[in-house]
Amino acid sequence: MDVILEADKRGGFLTSSHDAYNRFTVRYDEPPQAADAALQRGLEQMARRRGWF
């Protein structure tokens, strides 16, 4: 299963909005914990690129 994460950032008075995307694959034959870990990694990668951490 392909998972696509999208984070929206609203634009301000003098700035435009920017969306951030991250995509990863979760295999159906993996245990549920693997999907949880993949989601956590995907969110962390997106947050680091956006400067949230």
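Residues numbered from 1 in each chain as written. Predicted model: local features only at pLDDT ≥ 70, side-chain atom pairs only at ≥ 80, totals over all residues. Heavy atoms only, no water.

Draft legend 1. Expanded view of the overall build of the protein. Per the secondary structure count, the protein includes one helix and two strands. When burial is assessed residue by residue, the protein has 21% of its 53 residues classed as buried. Residue pairs at least 24 apart in sequence account for 34% of intrachain contacts in the protein once pairs closer than 6 positions are excluded. For the protein, the accessible surface area stands at approximately 4500 Å², while carbon and sulfur atoms represent 53% of it. (Helix = DSSP H or I, 4+ residues; strand = E, 2+ residues; numbered from the N terminus. Buried < 20%, exposed > 50% of the residue type's maximum accessible area, 1.4 Å probe, protein only. Contact = heavy atoms within 4.5 Å. Areas by Shrake-Rupley, 256 points an atom, 1.4 Å probe, with all protein chains shown as cover.)

Draft legend 2. A look at the pattern of salt bridges. Under the counting rule described, the total for this entry stands at two salt bridges. Residue Arg23 is joined to Asp2 by a salt bridge in which the shortest nitrogen-to-oxygen separation is 2.7 Å. In this pair, Arg23 sits in strand 2 (residues 18-25) while Asp2 sits in strand 1 (residues 2-9), placing the two residues 21 residues apart along the sequence. Looking at Asp2, the relative accessible area reads 45%, which means it is partly exposed. A salt bridge links Asp29 to Arg27; its shortest N-O distance comes to 2.8 Å. By relative accessible area, Arg27 is classed as partly exposed at 49%. (Salt bridge = Lys/Arg side-chain N within 4 Å of Asp/Glu carboxyl O.)

Draft legend 3. Examining the environment of Ala47 more closely. Positionally, Ala47 belongs in helix 1 (residues 32-50). Judged by relative accessible area, Ala47 falls into the buried class, the value being 5%. Sequence spacing of Ala47 and Ala20 is 27 residues, and the spatial spacing of their C-alpha atoms is 9.2 Å.

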